[in-house]
Structures are given as C-alpha cells and as structure tokens.
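Here is what each chain is made of, one letter per residue.
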Amino acid sequence: MTAAALKPVYLIAGSDRSKVARALVRLRARFHPSAVEVLSASLAGGEEAVAACNALGLFAASGRLVLVEEVERWKPEDVEAVASYLKSPAPATVLCLVAAEARQSSPLVKLCQRAGQVLVYEVPRRDLAQWVRAELARWGARATPEACRLLLELVGERPQELALEVEKLALWAQGSEIEAEDVEELVYARAETPPWALTDAWGRRDVAGVLAAWQRLRERGGREA
C-alpha cells in the first residue's frame with residue numbers, strides 16, 4: 001500500500017454520514033492498518049496533527065495516514081499550523097481532516113482546496129424520503145412509504161439524526177418490513193416543523209385523515225408531557 005498517488009491533505013465533510021464513512025474506508029484501505037493514526041480535534045489541535053504527520057514510524061516509507069475527526073472544533077491558530085506544515089508536507093504522509101460541514105468561506109476549506117482535495121457529501125434535502133429508503137436498503141432493511149414519511153415527520157430535516165434512526169430501525173427490524181406503527185413506537189418526535197401528515201390531509205380536505213393525524217399528535221404530546 002502506498003500514498004504516492006494521494007494528495008498531502010484531504011478534507012472530507014458533509015451531512016451524509018454513510019457516504020463520509022465509505023470515503024474514509026476507501027482512503028484507509030490504501031494504508032497498512034498500523035500506519036493509520038486517528039486523532040480527535042477535541043483533544044488534538046493543529047500542532048498535534050502536524051507533529052503526528054512529521055513523526056517517523058515503521059511504515060513511513062510506504063505511507064502513513066493521519067486522520068483528524070471533528071475539525072470544525074479547530075480555531076484559527078490550528079488552521080495556521082496546518083497551513084505552515086503543508087508548505088513542506090512529510091513525504092508519503094496523508095493528512096485527512098473530517099468535519100460535519102465544509103463552508104466555502106472557511107479558511108480550512110480554502111487551504112485544503114489549494115493543497116489537496118475537499119470531498120463534501122450532503123444529504124439531498126429535496127427528496128429526503130428517497131434518501132431514507134436508500135439508507136434503509138444499505139442496511140438490508142425496507143419500509144413502507146408511510147413509515148418513511150412518518151420518520152421524516154417525527155425527526156425533521158436533520159440528516160445525522162435521521163441516519164441514526166435509520167440504523168436503529170434497521171437493526172430492530174431484522175429483515176422484516178418496517179411499518180408506520182413501528183416508527184411511531186420507536187422514534188422520539190423532535191421535529192420543529194408542522195407534521196406533514198396533518199398538513200397534507202388538510203390540503204386534500206381529507207377529514208378522516210386530519211382527525212387521525214390530530215389524534216396521533218395528541219397521543220404523542222401526552223407521552224412527551
């Protein structure tokens with residue numbers, strides 16, 4: 001395994017946690033497991049990341065990977081330390097920075113674009129229901145359209161929380177199709193937007209649907225009180 005064809009720095013970010021995870025798996029596969037060092041930005045700043053990159057190890061010649069998670073925590077001085085390092089990066093060493101988001105105006109994003117590569121994987125907010133179905137399929141699970149819609153109604157447009165709930169539901173289902181009733185029982189409601197079931201039923205002038213959705217909201221409110 002070699003880092004010869006890789007860039008000295010990568011920034012991998014975005015709300016689509018599964019795609020971020022797969023990108024990291026592909027990158028780590030380029031290195032011997034013992035040549036990978038994982039740090040957390042909650043404990044390691046830019047200077048510590050640079051020191052890890054400059055440290056000589058058993059696999060220094062064939063390639064090393066220093067992976068730093070949660071770099072959105074970093075301060076300007078941490079970014080400056082990495083910028084200085086990237087003027088003359090350690091040979092055969094790749095620095096991979098992982099963040100929850102990557103704003104184009106961020107100095108860290110601009111730095112990584114100049115010196116390496118920025119990979120951003122965002123959940124498509126225009127069709128979150130389709131994304132939920134795809135994530136369930138990735139876990140080997142399936143759900144009714146009503147179950148997917150209810151999951152979005154309860155959680156809202158929170159991709160990271162949706163990913164966690166999808167994983168939980170898939171593991172619980174054990175191959176069985178997930179129904180709306182299952183979502184109702186297993187998922188805690190925290191959406192701040194008006195529930196879709198109620199507003200959609202109102203728009204269709206579906207009196208029975210409005211009453212059913214309202215009853216469900218009342219029951220849920222009672223459980224949360």
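Refer to the structure presented above.
Residues numbered from 1 in each chain as written. Predicted model: local features only at pLDDT ≥ 70, side-chain atom pairs only at ≥ 80, totals over all residues. Heavy atoms only, no water.

**Some details on the overall build of the protein chain**
Tallying secondary structure elements over the protein chain gives ten helices and five strands in all. Across the 225 residues in the protein chain, those meeting the buried criterion constitute 44%. At a minimum sequence separation of 6, the contacts of the protein chain that also span at least 24 residues come to 77%. Surface exposure of the protein chain reaches about 12,700 Å², of which carbon and sulfur atoms provide 53%. (Helix = DSSP H or I, 4+ residues; strand = E, 2+ residues; numbered from the N terminus. Buried < 20%, exposed > 50% of the residue type's maximum accessible area, 1.4 Å probe, protein only. Contact = heavy atoms within 4.5 Å. Areas by Shrake-Rupley, 256 points an atom, 1.4 Å probe, with all protein chains shown as cover.)

**What about unusual backbone geometry?**
Negative phi is the rule for most residues except glycine; trans is the rule for most peptide bonds. Despite not being glycine, E70 shows a phi value in the positive range, around 60°. The topology assignment puts E70 in the loop between β3 (64-69) and α3 (76-86). One non-glycine residue, Q174, lies in the positive phi region at around 55°. Mapped onto the elements, Q174 comes out in the loop between α7 (159-173) and α8 (180-186).

**Things to note about helix α5 (residues 128-138)**
Within the sequence span of α5, burial applies to L128, W131, V132, E135 and L136. Projected down its long axis, α5 shows its buried positions confined to an angular sector of 140°, all on one face. For α5, the secondary structure elements touched by its buried residues are α1 (17-28), α6 (145-155) and α7. G140 sits one or two positions beyond α5 and adopts a positive phi of about 75°. (Arc of directions from axis to C-beta.)

**Observations regarding the layout of surface pockets**
Roughly 370 Å³ of internal volume is contained in the largest pocket. In terms of lining residues, the largest pocket is bounded by 19 residues, among which R17, S18, V20, A21 and Q160 are the most central. Going through the elements one at a time, α1, β4 (93-99), α5 and α7 are the ones with two or more residues in the lining of the largest pocket. The leading source of residues in the lining of the largest pocket is α1, at five residues. (1 Å grid on protein atoms, 1.4 Å probe; cavity = no way out; pocket = protein on both sides within 12 Å on 5 of 7 lines; lining within 4 Å. Points joined across faces, edges and corners; volume = space filled by probe spheres on them.)

**Topic: the packing of α6 against α7**
Following both chains from N to C, one finds α6 and α7 inclined at 135°, their axes separated by 11 Å at the closest point. Considering the angle they form, α6 stands oblique to α7. Remark: the crossing between α6 and α7 carries right-handed chirality. The segment α6 lies against α7, with L151, L152 and V155 engaging E161, L162, E165, V166 and L169. By residue class, the composition of the contact of α6 with α7 is six nonpolar, no polar and two charged. (Axes fitted to C-alpha atoms, helices over the stretch in contact; angles between N-to-C directions. Parallel < 35°, antiparallel > 145°, perpendicular 65-115°, else oblique. Left-handed = near helix turned anticlockwise from the far one by under 90°. Nonpolar A, V, L, I, M, F, W, Y, C, P; charged D, E, K, R; others polar.)

**Some remarks on the pattern of salt bridges**
Taken as a whole and judged by the stated rule, the model has five salt bridges. Between R138 and E135 there is a salt bridge; the shortest N-O distance is 3.5 Å. Here E135 and R138 lie together in helix α5, a separation of three residues that amounts to about one turn. For E135, a relative accessible area of 6% corresponds to the buried category. Across the pair K168 and E165 runs a salt bridge, and its minimum N-O distance is 2.8 Å. Here K168 and its partner E165 are both found in helix α7, three residues apart, which amounts to about one turn of the helix. (Salt bridge = Lys/Arg side-chain N within 4 Å of Asp/Glu carboxyl O.)

**Comments concerning the pairing of β3**
In terms of residue burial, β3 counts as a mostly covered element, since five of its six residues are buried. Examined bridge by bridge, strand β2 (residues 36-40) and β3 share five bridges and lie parallel to one another. When the sheet's bridge partners are listed, E37 is paired in β3 with V66. Sheet topology note: the β3/β4 ladder contains five bridges and is parallel. Across the sheet, residue L67 finds its bridge partner in β4, namely C96. Note that the unit made of β3, α3 and β4 has a crossover that is right-handed. (Pairing = 2+ DSSP bridges. Right-handed = clockwise from strand over helix to strand, strands pointing away.)

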